[in-house]
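Below are the chains, spelled out letter by letter.
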Amino acid sequence: MTQAGGRRHAPGQHRLFVAALLGWACTACALPLPGLARWLTLVAAAIGTALLVAWYFVRRGAASLRGAASSSATVSSSAVAVPAATTARGVGVMTQLVNLPLSVMVLLGAQSEVGEQTRHDRYLHEVAAQGKTIAFEAQLTSFVERRVTPFGERAWARATLSAASGSVPVMLWLPQDVAATHWGPGTQVHGRGRLEAQHPAQPAAYTVQVRDLQQTAMQPVAATFGAIAAHVRHALVASSANVTGAELVPGFAVGDTSLVSDSLEAAMLESSLTHLVAVSGSNTGLVVAALVWLSARLGAGLRLRLAVAALGLGCFLVVVGPDASVQRAAVMAAVMLASGFGGRRSLALPSLGAAIVVLLAADPWQALQPGFALSVAATAGILLLATPLTRWLNTRARMPQPLALAFAVALAAQLSCGPLLLLLQPGLPAAGVIANVLAAPAAPIGTGLGLIAAVLAPFVPGAAHLAVVAASLPAQWVAWVAHVAANLPLARLAWPAGWWGAVLLAVCEVALITAWAINSSRIGLPTAGRIPLRQPWHTRPAPPRAHRLVVTVLVTGSLALVTAVTLATPIAQHLATPHGWAVVACDVGQGDALLLRDPAAPTEVMLVDTGDDPQLLAACLSRFGVHRIALLVLSHDDADHVGALDSIVHRVDAALVSPTPYAAQHSSREVIRELTAAGVPYRVATAGDTGQGVGDFSWHVLAPRRGTAPHTTNAASLIMMVQSGPMRVLLLGDSGQPEQAALIRTGHPLQVDVLKVAHHGSRDQDHRLTQATQADWALLSVGADNRYGHPAQSTLNALLQGGATILRTDHHGSIALAADAQGAIRPWVERMPQTAPTEAVG
């Protein structure tokens, strides 16, 4: 099989890769629905068996006919034998093509079914449903990780819980007093805790809120290695903490980011450099390449070099931990090394397909993890695009080979991961490729020196300190690149988030890559008429007119679409959007989503509720330049207030949630499940809780009272007073007349500048509260033409009588309030209503 330009590809090299993709897709579809994997396995096995049986009998019949034809010289016998042989070959080819994907589906389906049976332990399911605290025994499968949050330090670790059904994967949320410094994978623990069941698609079947936890006296051999690795990691972190500018060194070496500040973490995310401080294929590839080079310099043979590399890689994996991300990194690094970064095309895709199958067979729940999809996409992009891009940059753009390789690898990974990243974070990191090229020389140096420091830290602290000091230099370079790239103008280009944005970007990328492939003769198009001759002064023949036309259409169409989406529309919106806002009411339809901040600290943003439309919420966050959410407040659990939580939970640093209503159980609340699954620390807020943000920003919870169990979700709504820069804001959630009357009775000062009207302006209000607030501005978050009749005319009249100017999202779209130099509040609205605000509500 050949392509244009004479490039040969081994026949069938895509079969395993396609089979792996199909198996991955089926596994991802089956896991959220327990029991479906069993039926998919049975159906795939039945189809495969039927095809094999059919092929056997057709082939046997064809052989019989050939034998009869050879023994008979008649023309009729030969005429019958030839079609039979053709049919046999066709059935055989179809069996070969179909049975490989079916075999992969059977393997992954069987592994998924085994995992589901293990996870669904009857006893654990019952105690989780009842919310009981139980005694348990578990074995850690990861290191203990810690994170400082606005609510204090939180620690967690992945583990397997001993149960009658087997080893059940869980997430342990540890108390602060647990001395787990030297615990590592394999450590046996026992303690008491409360189980909360997770969604079947989550990697952990349960989360455990641990009350007390102790290390078991008798430990397996694996725990010894885990303890040694934990000691090495702890020593490296301790040594790095004493060196200025070395906060990235533990991340380079072993993937520990506990020293990385929030500002640097945000800059790394914006500049697409977070993979440098996670254990990725580059880390494992560096370890293997260094060991192979060193052993070769010492005169070792090929087999000895491979053995040394395997041993060194094993020791490295022990230190960094056996997490799924580490396994992916090791396997993907092996794929890239085996295929020479895609240079050996006959090995590239089959190796990647085999890697997908092996990883999913080891843990089918990786099929639904974003990290797995990004790892596969990045590896596939590098394998398919890095080598031709490097050659093109080197020969056509006259770029030096090392720089061309670095630029091509970064560009290939960015192109392949771009659509998937839009599902996690809006916008395109325009500075990501350049940032990766600039950081590429420093990261391997920092990783190598960091690994040396990790080896020396437990034994020779002085030498380890010197290694950390040396590693801090490339670490500071990477940190500088991250901050500069993140703060460049247009560092993140606007682009629609979600599936629509991902598909749109994928179409543009495919069109541009296709145009490049056609122009460089990597893809041939059918031509009519004569083929143009190459002139002596040309290095290659001029492409046919049809080729030039297709390339022109693809390039101009893609660039026009990209320009329109990323530049023209956002620039117009940016010029019209205020930048000094303190309060924003996002237009999310019939729901609530408010942004609050001190304009002097623009990156520290509080988001109150999410609405239930992820696209509208993402558009609002993008328009007002919100990339991270310092504190998410979920006023109560109704869908129009929390329905879009899953679309932004990965951007949240901490959360406040309302008390559990009387009729519900804490563990059954979907918001608790989502926050826990995403690793977001949360607190159940009640009256009296306070918090201080950066600058002139603070919040105070006024209701519900501590120790009460509200009877409805609306009654459980958090009522909060927020000082948002120069503005004092009262947030009423969906509280009703009884809750508002109780608030008045507390005697708390209620005078504010801005009132977020309760329950979308429903008639269930205590109008005495409206008078008590003396608010100048009243924000109504309400959907246009909603079926509830919100807002009620009685509520609008009460607000007008209280002297408030009413702003409504159904009339004005998103609304922003900012203070001018004299402190007066100035409103900005996305669109002007057909009538004046007072007339629109009168």
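These lines cover the structure that appears in this document, whether it is placed above or below. (Residues numbered from 1 in each chain as written. Predicted model: local features only at pLDDT ≥ 70, side-chain atom pairs only at ≥ 80, totals over all residues. Heavy atoms only, no water.)

1. With respect to the overall build of the chain
Then, in step 1: Within the chain, the secondary structure is distributed over 27 helices and 23 strands.
Then, in step 2: In the chain, which comprises 842 residues, the proportion classed as buried is 48%.
Then, in step 3: By sequence separation, contacts in the chain at least 24 residues apart represent 67% of the contacts at least 6 residues apart.
Then, in step 4: When the accessible surface of the chain is split by element, carbon and sulfur atoms take 63% of a total near 38,600 Å². (Helix = DSSP H or I, 4+ residues; strand = E, 2+ residues; numbered from the N terminus. Buried < 20%, exposed > 50% of the residue type's maximum accessible area, 1.4 Å probe, protein only. Contact = heavy atoms within 4.5 Å. Areas by Shrake-Rupley, 256 points an atom, 1.4 Å probe, with all protein chains shown as cover.)

2. A closer look at helix α16 (residues 461–486)
Then, in step 1: Across its 26 residues, α16 extends 35 Å between first and last C-alpha, which sits within 8% of the 38 Å expected from 1.5 Å per residue.
Then, in step 2: Largest kink in α16: about 30 degrees, centred on S472, with the proline P474 one to four residues after it. (Expected span 1.5 Å × (residues − 1). Bend = angle between axes of the 7 residues up to and from the residue.)

3. A few points about unusual backbone geometry
Then, in step 1: That bond from A703 to P704 is cis: its omega, 0 degrees, falls within 30 degrees of zero.
Then, in step 2: Here P704 is to be found in the loop between β16 (697–703) and β17 (719–724).
Then, in step 3: In the segment running from H790 into P791, the intervening peptide bond is cis, with an omega of -5 degrees.
Then, in step 4: As for its placement among the helices and strands, P791 is situated in the loop between β20 (777–780) and α25 (793–801).
Then, in step 5: For H759, which is not glycine, the phi dihedral falls at a positive 50 degrees.
Then, in step 6: By secondary structure assignment, the location of H759 is in the loop between β19 (754–756) and α24 (767–773).
Then, in step 7: Located in the positive-phi region is Q774, a residue other than glycine, with phi close to 50 degrees.
Then, in step 8: Residue placement: Q774 occurs in the loop between α24 and β20.

4. Here's the deal with the side chain of D810
Then, in step 1: Topologically, D810 is positioned in helix α26 (residues 809–812).
Then, in step 2: Judged by relative accessible area, D810 falls into the buried class, the value being 13%.
Then, in step 3: Among the polar contacts listed, one links the side chain of D810 to the side chain of R808, at a separation of 2.7 Å.
Then, in step 4: Every residue in contact with D810, bar those within four places of it in the chain, is listed here: V782, G783, A784 and R831. (Polar contact = N/O pair within 3.5 Å; in protein donor to acceptor, adjacent residues only side chain to side chain.)

5. What about the packing of aromatic side chains?
Then, in step 1: Taken as a whole and assessed by the stated rule, the structure comprises five aromatic pairs.
Then, in step 2: Taking the centre distance of 5.0 Å and the plane angle of 90 degrees together, the rings of W24 and F372 count as edge-to-face. Here F372 lies in helix α12 (residues 370–395) and W24 lies in helix α1 (residues 15–30), a separation of 348 residues in the sequence. The same class applies to W24 as to F372, namely buried.
Then, in step 3: One aromatic cluster in this structure is built from W581, F624 and W828.
Then, in step 4: One Lys or Arg, R233, reaches over the ring of F143 and ends 4.2 Å from the middle of that ring. (Phe/Tyr/Trp six-rings, centres within 6.5 Å; stacked < 30°, edge-to-face > 60°. Lys NZ or Arg CZ within 6 Å of the ring centre and 35° of its normal.)

6. Describing the state of the cysteines
Then, in step 1: Within the structure shown, the criterion is met by one disulfide.
Then, in step 2: Between the sulfur of C586 and that of C620 lies a disulfide, 2.0 Å long from S to S. A torsion of -70 degrees about the S-S bond marks the disulfide between C586 and C620 as left-handed. Of the two residues, C586 sits in the loop between β9 (581–585) and β10 (594–596) while C620 sits in helix α19 (residues 614–623), which places them 34 residues apart along the sequence. Here the two residues C586 and C620 agree in accessibility, since each one is buried. (Disulfide = S-S within 2.5 Å.)

7. Here's the deal with the packing of helix α15 (residues 442–456) against α16
Then, in step 1: The contact between α15 and α16 brings their axes to 8 Å, and the two run at 160 degrees. Taken as axis vectors, α15 and α16 run roughly antiparallel relative to one another. The handedness of the crossing between α15 and α16 is left-handed. Contact with α15, carried on its side by A442, I445, G446, L449, G450, I452, A453 and L456, involves P461, A463, A464, A467, V468, A470, A471, P474, W477 and V478 of α16 and no other residues of that element. (Axes fitted to C-alpha atoms, helices over the stretch in contact; angles between N-to-C directions. Parallel < 35°, antiparallel > 145°, perpendicular 65-115°, else oblique. Left-handed = near helix turned anticlockwise from the far one by under 90°.)

8. A few points about the sheet that holds β20
Then, in step 1: Sheet architecture is open: seven strands sit in the order β15-β16-β17-β18-β19-β20-β21, paired in mixed fashion. Taken across any chain shown, the strands that pair with only one partner, and hence form the sheet edges, are β15 (690–692) and β21 (805–808). Sheet twist, expressed as the average angle between the axes of neighbouring strands with direction ignored, equals 15 degrees.
Then, in step 2: Bridging between β19 and β20 involves three bridges; their strand directions are parallel. Residue pairing for β20: L755 is matched across the bridge by A778.
Then, in step 3: Packing of α25 onto the sheet brings it into contact with β19, β20 and β21, and relative to β21 it is tilted by some 140 degrees. (Pairing = 2+ DSSP bridges.)

9. A word on α15
Then, in step 1: With 15 residues, α15 extends 21 Å from end C-alpha to end C-alpha; this agrees with the ideal 21 Å at 1.5 Å per step.
Then, in step 2: All buried positions along α15 are accounted for by A442, A443, G446, T447, G450, L451, A453 and A454. Along the axis of α15, the buried residues cluster in a sector spanning 160 degrees; they form a single face. (Arc of directions from axis to C-beta.)

10. Observations concerning a nonpolar patch on the surface
Then, in step 1: A surface patch of nonpolar side chains, about 550 Å² in accessible area, is lined by I434, L438, W477, W480, V484 and L488.
Then, in step 2: Secondary-structure elements contributing two or more residues to the nonpolar patch are α14 (432–439) and α16.
Then, in step 3: Among the elements that make up the nonpolar patch, the one with the highest residue count is α16 (three residues).
Then, in step 4: Checked against the element boundaries, W477 lands in helix α16.
Then, in step 5: A relative accessible area of 36% means that W477 is categorised as partly exposed. (Patch = residues over 30% accessible without salt bridge, like charges linked within 9 Å, V, L, I, M, F, W, Y side chains within 5 Å. Salt bridge = Lys/Arg side-chain N within 4 Å of Asp/Glu carboxyl O.)

11. Here's the deal with the nonpolar core
Then, in step 1: The biggest cluster of nonpolar side chains holds 37 residues, and the ones touching the most others in it are L248, M268, L273 and V478.
Then, in step 2: Breaking this core down by element, the ones donating at least two residues are α5 (221–241), α6 (249–254), α7 (262–270), α9 (302–320), α14, α15 and α16.
Then, in step 3: Top contributing element to this core by residue count: α16, with ten residues.
Then, in step 4: Contacts of L248, omitting those with residues within four sequence positions, involve V260, L264, M268, V277, A475, V478 and A479. (Core = buried A, V, L, I, M, F, W, Y, C linked by side-chain atoms within 4.5 Å.)

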